[in-house]
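# Residue-level structure breakdown
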Amino acid sequence: MTRPTQAKHTILRKYLDAWLPILGAGRHAHEHVVLIDGFAGPGRYSGGEPGSPLIMIKAYLDHSATLDAAAHFFFIEEHGERCEHLRREVAALTLPSKVEVEILEGSFVDEFPVLIERLRTQFGQLPPTFAFIDPFGAEEIPAALSTPLLRIPRCEELVYFPVGFLARFAEGPEFKPILDGLYGGQEWKKALAAPDFETKKRILHDLFLAELQRHVPCVRSFEITPAAEVGGNTYYLFFCTGSKMGLRRMKDAMWQVDPETGQAFRDSTLADHPVLFEQEADLGRLQDMLHERFGARWFTIEQAEQFTLLETAFRDNGHLKPRLKTAEAAGAIEVRRPAGKRAGSFTPGTRMRFIWWHESP
Ligand SMILES: C[S@@+](CC[C@H](N)C(=O)[O-])C[C@H]1O[C@@H](n2cnc3c(N)ncnc32)[C@H](O)[C@@H]1O
């Protein structure tokens, strides 16, 4: 199993660990949740490591919270032998009655829209749904965008985007219809005129991001650069959600990925502001972004939280307030608190503004 695959799996597991109890446990639990792996593979790698379908099932089975929602897993795989292997892997598990696993042998393009329609008919409306879209190539991604999934609240997708593959093959005539479908037009042709491979990749990446953003309120792009390939291949995972909570939890997951020596993970949603996920977040960057956004104007803690969550890679729930505290202590911001609130707190209604340009250390 390659390192980017390990990273993908870590993110998948950490995210589901957070997603499942939000939607499937406690007072607000839904009765059903749906988890789809659109390119499931055989369920186990030749080295014995579990594949994504087993990781998804295990996230549910091993969860420390009591999950009340019934889980419906659907694994789509077009390769007959891999399906068989996956069936055997699933059969070896002991599943509680509220877990249903269905393996759909066929092509994602055909199976996915039919499945969504079936679920809508079965449940009246689609239950909270998470889909992992992890193709070898890019041929099948347009179908993921053409389904209604992305426009339904509480439905989310984690899409592996093979941009290096696209950049390498964009010139082949056989890829034209694929790229037209993927980008919803011919804008991708701009990439053909790019002076170098990196620029070509960036153009294809940014256009795909823009295409996703036309469909979904919150999209973030995560870049994985394996140690052995620094300066070479990069891999992208796009996370698409209509839910702020979903976005918050995915960021939590990304900040927990333990970077192995030399392996880099970045948020690369904004070309000018890539943010490296490190054990010690560089919160000076967040302060700079806030300053860039609000200038010398007064802004509220709510505006700062909204901006941090939606427009930066940083965590509104873990990074923002500690940094504001540091900024206040350094005299970089002036803070007005609602009456009775203690110094250093950033409770609702707190207002602030930058009073001098603070360069991050
Ligand atoms: C990258 S692998 C998936 C790995 C798996 N998600 C994991 O992380 O363990 C892609 C899989 O998609 C399957 N596949 C390729 N084209 C497909 C298609 N059009 N529809 C469904 N599955 C497809 C391949 O047979 C392969 O097993």
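Our subject is the structure listed above.
This write-up is about the structure you can find in this document.

What counts and how
Residues numbered from 1 in each chain as written. Predicted model: local features only at pLDDT ≥ 70, side-chain atom pairs only at ≥ 80, totals over all residues. Heavy atoms only, no water. Pairing = 2+ DSSP bridges. Helix = DSSP H or I, 4+ residues; strand = E, 2+ residues; numbered from the N terminus. Salt bridge = Lys/Arg side-chain N within 4 Å of Asp/Glu carboxyl O. Buried < 20%, exposed > 50% of the residue type's maximum accessible area, 1.4 Å probe, protein only. Axes fitted to C-alpha atoms, helices over the stretch in contact; angles between N-to-C directions. Parallel < 35°, antiparallel > 145°, perpendicular 65-115°, else oblique. Left-handed = near helix turned anticlockwise from the far one by under 90°. Contact = heavy atoms within 4.5 Å. Near = heavy atom within 4 Å. Polar contact = N/O pair within 3.5 Å; in protein donor to acceptor, adjacent residues only side chain to side chain. Areas by Shrake-Rupley, 256 points an atom, 1.4 Å probe, with all protein chains shown as cover. Nonpolar A, V, L, I, M, F, W, Y, C, P; charged D, E, K, R; others polar. Arc of directions from axis to C-beta. Disulfide = S-S within 2.5 Å. Phe/Tyr/Trp six-rings, centres within 6.5 Å; stacked < 30°, edge-to-face > 60°.

## Some points on the sheet that holds strand 10 (residues 299-300)
Pairing in this open sheet of three strands is antiparallel, and the strands run 10-12-11 from one edge to the other. Every other strand in the sheet has two partners, leaving strand 10 and strand 11 (333-336) as the edge strands with one partner each. When strand 10 meets strand 12 (residues 351-354), the two strands line up antiparallel, connected through two bridges. The residue bridging Phe299 from the neighbouring strand is Met352, located in strand 12.

## Some words on the pattern of salt bridges
Following the criterion strictly, the structure yields 19 salt bridges and no others. Notably, a salt bridge pairs Lys201 with Glu198, separated by 3.3 Å at the nearest N-O pair. Placement of the pair is Lys201 and Glu198 together in helix 8 (residues 197-215), with a separation of three residues, close to one helical turn. For Glu198, a relative accessible area of 46% corresponds to the partly exposed category. Residue Asp206 is joined to Arg202 by a salt bridge in which the shortest nitrogen-to-oxygen separation is 2.9 Å. Remark: Arg202 and Asp206 occur in helix 8; sequence separation between them is four residues, near one turn of the helix.

## As for the packing of helix 9 (residues 244-256) against helix 11 (residues 301-311)
One can describe the packing of helix 9 onto helix 11 by two numbers: an axis separation of 10 Å at closest approach and a directional angle of 65 degrees. Taken together, the axes of helix 9 and helix 11 lie roughly perpendicular to each other. Here helix 9 runs over helix 11; the crossing is left-handed. Seen from helix 9, the contacting residues are Lys244, Leu247, Arg248 and Lys251; seen from helix 11, they are Gln306, Thr308, Leu309 and Leu310.

## Focus on the site of the ligand
In the neighbourhood of the ligand, 19 residues make up the surrounding shell, with His9, Ser52, Glu77, Arg82 and Glu140 lying closest. Phe39 is positioned with one of its backbone polar atoms (N or O) 3.0 Å from a nitrogen atom of the ligand. Its free accessible area being 600 Å², the ligand has 91% of it covered by the protein chains. A breakdown of the residues in the shell around the ligand according to their chemical character gives five nonpolar, eight polar and six charged.

## Notes on the environment of Arg88
Residue placement: Arg88 occurs in helix 3 (residues 80-91). Note on Arg88: relative accessible area 54%, which makes it exposed. Each C-alpha atom of the pair Arg88 and Pro42 lies 9.4 Å from the other, and the pair is 46 residues apart in sequence.

## Some words on helix 12 (residues 320-329)
For helix 12, every residue scored as buried is listed here: Leu320, Arg323, Leu324 and Ala327. Along the long axis of helix 12, the arc covered by the buried residues comes to 100 degrees, so they all point the same way. Positioned one or two residues after helix 12, Gly331 has a phi angle of 75 degrees, which is positive.

## Some points on the state of the cysteines
Scanning the entire structure with this criterion turns up zero disulfides. For the unlinked cysteine Cys218, the closest cysteine sulfur is that of Cys240, found at 9.9 Å. Judged by its relative accessible area of 8%, Cys218 falls in the buried class.

## Thoughts on the pairing of strand 12
Note on strand geometry: in a regular strand, side chains alternate between the two faces of the sheet. Here strand 12 shows one buried face, formed by Met352 and Phe354, and one open face, formed by Arg351 and Arg353. As judged from the four bridges shared by strand 11 and strand 12, these two strands associate in the antiparallel manner. Within the sheet, the bridge partner assigned to Arg336 lies in strand 12 and is Arg351.

## Structural notes on the packing of aromatic side chains
Inspection of every chain in the model, using the stated rule, returns 16 aromatic pairs. Ring centres of Trp19 and Phe130 lie 6.0 Å apart, and the angle between their planes is 55 degrees; on these two criteria the pair is classed as tilted. Separated by 111 residues along the polypeptide, Trp19 in helix 1 (residues 3-24) and Phe130 in strand 4 (residues 129-133) bring together distant segments of the chain. One exposure class covers both Trp19 and Phe130, and it is buried. Plain terms: the ring middles of Phe294 and Phe307 are 5.9 Å apart, the flat faces sit at 70 degrees to each other, and that makes the pair edge-to-face. Taken as a pair, Phe294 in helix 10 (residues 283-294) and Phe307 in helix 11 lie far apart in primary sequence, 13 residues in all. We note that Phe294, like Phe307, is buried. An aromatic cluster of at least three residues, connected via ring pairs, comprises Tyr15, Trp19, Phe130 and Phe239.

## Remarks on helix 11
Turning to helix 11, its buried residues number three or more, namely Ile301, Ala304, Phe307, Thr308 and Leu309. Residues of helix 11 that are buried in the fold lie against helix 9, helix 10, strand 10, helix 12 and strand 12.

## Here's the deal with the environment of Lys325
Of note, Lys325 is situated in helix 12. Each C-alpha atom of the pair Lys325 and Ser345 lies 7.9 Å from the other, and the pair is 20 residues apart in sequence. Look past the residues within four positions of Lys325 in its chain and what remains in contact with it is Gly344 and Phe346.

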